Amino acid sequence: MDKKALLSELAIDRDSDASPSSARPLKWLLLIAVVGGVGFAAFTWVLPIEASPVEVRTAVVEELAAAAAGDSVLDATGYVVARRQATVSSKTTGKVVEVLVEEGMYVEEGQLLAQLDDSITRAQLELSESQLRASRASLDEMMVQLRQAQLDLARTSGLAERKLASQADLDRDTLAVEGLTARLARVEQELNVAERHADVQRQMLADMQIRAPFAGVVVAKAAQPGEMISPVSAGGGFTRTGICTIVDMDSLEVEVDVNEAYINRVFPGQPATVALNAYPDVQIPASVIAIIPTADRNKATVRVRIRILDRDDRVLPDMGVKVRFLDDEPTPPPVTATGVVVPADAVTETGDEAYVWVVREDRVARRRVVVAGPHGERLRVVAGLAGGERVVSFPSDASGDRSLTDGDLVQVVN
């Protein structure tokens, strides 16, 4: 083959490249580019909406609590105290042999709490009883001697009347009777002393048994078997001063310190409610017992005693409480005590329909509610909401701008 033929084979056929089959890949590339551009534009348009949540303020739906009396005129904090509380100890120093109580145990008045070592006291009682028996025997002996002396005096008197006995014999027998009578009185006093000494020893033996002074609950156990106990501190640190501490739970009351600027709002007999810090939702009815007639100049407060009217086992000594002093005039009770309360600006009313925006997992949902009426500065809702839920609370200056839709992404700012 010559060179000219070879060169003609290497030449590019431009007509064949412009054929319809060669133009198809270019069309597909253009189509893909257009679809990708539309998709990117849609993505960049939608993404800012999802990435920009609406800032809202929320409020917690609260359970409706029935009022015990009028509105609160003053709130204060304080503690539960026991008016009847005792750390039980012994009357004398002794070694603990047995402790029969534990913390949390209920004891009756006079119940045995602990036993001290009574070996020496029991021996002293036996000695006193022996001395008492000896004194009684001496008394019997003196009575016999006095009886003999009285018989001798009677015989001598008869002989003296018949001039058969001298005046000296009569005087001797008379003085003998008087002497024995005096000795008999002394022995009777010694017997009385012996009896009293024996009673003291019996009481000391009984004091070795430590008993409950009143009914209550043991809140602290301070001594163990083998330890020494004393009513006063020995100073060495190895002697206990008490067996246990008993609290009469029926004597629990509340003490609060009220600022002296507001003490004029409190008066004896005033109704109140007590809420334990451990159970803030439980309102316990109470009333003011007394206002302590003195002020604390350092804190500028006056102490107030409050009686718990409804005994509750959850009330324990030294618990923190919140006290609401109520108006003496009771307010009319609501139509029904059921339902929840929400801020008035959280409810939107359109015609006969009322609804709220409930926040759940950073999104809002519109929910219809049934409003029963005002409850103070809030609204009482009887259907559609449950306690503990969060609803959007619109500010008062944005009451006309509540444009939210179901599923909107929100950000809580409060």
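Residues numbered from 1 in each chain as written. Predicted model: local features only at pLDDT ≥ 70, side-chain atom pairs only at ≥ 80, totals over all residues. Heavy atoms only, no water.

Novice: How should the side chain of T301 be read in this particular structure?
Specialist: Looking at where T301 falls in the secondary structure, it is placed in strand 17 (residues 301-308). Not counting residues up to four positions away in its chain, the partners in contact with T301 are D257, V258, N259, E260, A295 and D296. (Helix = DSSP H or I, 4+ residues; strand = E, 2+ residues; numbered from the N terminus. Contact = heavy atoms within 4.5 Å.)

Novice: Which parts of the structure should I look at to understand the pairing of strand 19 (residues 340-343)?
Specialist: Side-chain direction in a regular strand flips from residue to residue, so the side chains alternate between the two faces of the sheet. Pairing between strand 3 (residues 62-63) and strand 19: two bridges, direction antiparallel. Residue E63 lies in a different strand from strand 19, and its bridge partner there is V340. Across four bridges, the pairing between strand 19 and strand 23 (residues 378-383) is antiparallel. Following the sheet pairing, V341 is matched in strand 23 by R380. (Pairing = 2+ DSSP bridges.)

Novice: Could you clarify how one ought to interpret helix 4 (residues 119-161) in this entry?
Specialist: Note that an α-helix has 3.6 residues per turn; residues three or four places apart therefore point the same way. Under the 1.5 Å per step criterion, the end-to-end length of helix 4 is 64 Å for 43 residues, consistent within 8% with the ideal 63 Å. Where helix 4 is concerned, the buried positions are T121, L125, S128, L132, S135, L139, M142, L146, A149, L153, T156 and A160. The inward-facing, buried residues of helix 4 contact helix 5 (167-207). In the stretch just after helix 4, K163 is the one whose phi turns positive, near 60°. (Expected span 1.5 Å × (residues − 1). Buried < 20%, exposed > 50% of the residue type's maximum accessible area, 1.4 Å probe, protein only.)

Novice: Would you mind showing me how to read helix 5 here?
Specialist: Here helix 5 is 41 residues long and its end C-alpha atoms lie 60 Å apart, about the 60 Å a rise of 1.5 Å per residue gives. Three or more residues of helix 5 are buried, namely L170, D173, V177, L180, L184, V187, L191, A194, A198, Q201, L205 and D207.

Novice: What am I meant to see in the packing of helix 4 against helix 5 here?
Specialist: For any two helices packed against each other, the geometry is given by the interaxial angle and the distance between the axes. One can describe the packing of helix 4 onto helix 5 by two numbers: an axis separation of 8 Å at closest approach and a directional angle of 165°. One finds that helix 4 runs roughly antiparallel with respect to helix 5. Between helix 4 and helix 5 lies a crossing of left-handed hand. A breakdown of the residues in the contact of helix 4 with helix 5 according to their chemical character gives 20 nonpolar, 14 polar and 11 charged. (Axes fitted to C-alpha atoms, helices over the stretch in contact; angles between N-to-C directions. Parallel < 35°, antiparallel > 145°, perpendicular 65-115°, else oblique. Left-handed = near helix turned anticlockwise from the far one by under 90°. Nonpolar A, V, L, I, M, F, W, Y, C, P; charged D, E, K, R; others polar.)

Novice: Can you help me understand the environment of G226 in this one?
Specialist: Positionally, G226 belongs in the loop between strand 10 (216-221) and strand 11 (228-229). Considering only alpha carbons, one finds G226 and V99, 127 residues apart in sequence, at a separation of 9.9 Å. With residues up to four places along the chain from it excluded, the contact list for G226 reads K95 and V96.

Novice: Just to check I follow, could you spell out the nonpolar core for this structure?
Specialist: Nonpolar side chains in soluble globular proteins generally cluster together in the buried interior. Of all hydrophobic cores here, the largest spans 28 residues; its most connected members are V254, V256, V304, I306, V323 and F325. Of all elements in the fold, only strand 4 (72-82), strand 14 (252-259), strand 15 (271-276), strand 16 (284-296), strand 17 and strand 18 (320-326) reach the threshold of two or more residues within this core. What V304 contacts, discounting residues up to four positions off in sequence, is V254, E255, V256, V258, I263, V266, V288, A290, I291 and F325. In this structure, V101, A114, L116 and C244 belong to the second largest nonpolar core, which totals 18 residues. (Core = buried A, V, L, I, M, F, W, Y, C linked by side-chain atoms within 4.5 Å.)

Novice: Whenever I open this one, the side chain of S287 confuses me. Can you help?
Specialist: Along the polypeptide, S287 turns up in strand 16. According to the relative accessible area criterion, S287 is buried, its value standing at 10%. Ignoring sequence-local partners within four residues, the contact set of S287 consists of G269, Q270, P271, A272, R305, I306, R307 and L309.

Novice: Explanation requested: the pairing of strand 18 in the structure shown.
Specialist: Of all seven residues making up strand 18, five are buried, and the element is well covered by its neighbours. Relative to strand 18, strand 4 runs antiparallel, the two sharing seven bridges. Residue pairing in the sheet places G78 in a bridge with V321 of strand 18. Where strand 15 lies against strand 18, five bridges are found, and the strand directions are antiparallel. Directly across from V274, in strand 18, lies its bridge partner V323.

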